[in-house]
Amino acid sequence: MKFTLAPPRTERIEPMRRLPPLHALRAFEAAARHLHFARAAAELHLTPTAISHQIRQLEEILEVKLFHRYPRPIRLSAEGAALYPVLRESFDRMSSAIAGISQLDTDRPLTVSVTVAFASLWLMRRLPALRSQTGLNLKVEADNRPVDLSGSDVDFAVRYAVQAQPEDHWMPLFEDSLIPLCAPELLHRTPIKDDAGILRLPLIQYRWNCGAEASPSWQRWSHAAGLGAAVPEITQHFSEEINAIDSALAGQGVVLASSVLAGAAVAAGHLVRLSDAVLPGRTFWAVSRSDHPRFAEVEHFASWARASG
């Protein structure tokens, strides 16, 4: 009996879709729907300049003009009018599909990435109030390494930065400053009369992980206080701000600490502010993707946090 081998089956491989960047398509769809760059920017939590830049990027890729920008108001070109309804329908369908999927996951805790210091000194003590006042249930991921919001299951992060970054959506929570603090018992042992006396106390220093240009060193504080004197040798060094604050709480010295993170200890009288001279801090932000299916809950957290101080 003679056998004949059948030719191998070949599967047809679909070519990869060649699409412009999604952010540029979203910017165009919003601008076309509003016929107004500023309104599109407000919807997407961007600046009008960013919207204009993204649309120009899309026009360069497609090699067509999508809007007639002059005379005002803007109008869709023939090519823009052809593209707009297709994108509008596509985004509407994606939004409905995502809403249907996320509807099944609303009981999952909202996951937030924060630094160890922010978790321990600010967030943890407020979790019961957060649940009772907002109904939000948080899963706290405490890690000093910034998380990639586009490549993880983290819903949002609390970041410490001078200004918002162009990617994602940044909601300001509170401004920070760096203030000299110590435990009351240290002052009982070593009273001081002025700012110069602070530098005669045991000085606590920690490693600054947010950029050397804003390092809260005692040398910088001395200049801010108008002393300009040489700073004595640091008594204790720590890698983490939370450990430096714990050392100050134990009466071991004076620390330049975040007014936000140490606020509860100051309010309770466990730490005493020693001077009006401060170093400027940064801003705490709640950061999430504006297209995240639970973005409204992140906004709710940000509003609550601002009110909770």
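S.K.: I tried to follow the packing of aromatic side chains on my own but got confused; where do I start?
M.R.: Two descriptors summarise a pair of aromatic rings, namely the distance from one centre to the other and the angle between the planes of the rings. By the definition in use, this model includes 12 aromatic pairs. Taking 6.1 Å as the distance between ring centres and 80 degrees as the angle between the ring planes, the aromatic pair formed by W122 and W304 counts as edge-to-face. Of this pair, W122 sits in helix α5 (residues 116-123) while W304 sits in helix α12 (residues 295-308), and the two are 182 residues apart along the sequence. This pair shows no difference in class: W122 is buried, exactly as W304 is. Ring geometry for Y160 against F284: centres 4.7 Å apart, planes inclined by 45 degrees, an arrangement best described as tilted.

S.K.: What is the right way to read the pattern of salt bridges from this model?
M.R.: Side chains bearing opposite charge may pair, as long as their charged atoms lie close to each other. Enumeration according to the criterion identifies 8 salt bridges in this entry. Notably, a salt bridge pairs E141 with K139, separated by 3.6 Å at the nearest N-O pair. Classification of E141 by relative accessible area gives partly exposed; the value is 32%. Under the relative-accessibility criterion, K139 is labelled partly exposed at 40%. Between D143 and R145 there is a salt bridge, and its shortest N-O distance comes to 2.8 Å. For D143, a relative accessible area of 29% puts it in the partly exposed group.

S.K.: Can you walk me through the environment of R126 in this structure?
M.R.: Mapping R126 onto the fold places it in the loop between α5 and α6 (127-134). Relative accessible area serves as the criterion here: at 17%, R126 is assigned to the buried category. Separated by 182 residues in sequence, R126 and S308 place their C-alpha atoms 8.5 Å apart. Beyond its immediate chain neighbours, meaning those up to four positions away, R126 contacts W304, S308 and G309.

Rules behind the numbers
Residues numbered from 1 in each chain as written. Predicted model: local features only at pLDDT ≥ 70, side-chain atom pairs only at ≥ 80, totals over all residues. Heavy atoms only, no water. Phe/Tyr/Trp six-rings, centres within 6.5 Å; stacked < 30°, edge-to-face > 60°. Helix = DSSP H or I, 4+ residues; strand = E, 2+ residues; numbered from the N terminus. Buried < 20%, exposed > 50% of the residue type's maximum accessible area, 1.4 Å probe, protein only. Salt bridge = Lys/Arg side-chain N within 4 Å of Asp/Glu carboxyl O. Contact = heavy atoms within 4.5 Å.

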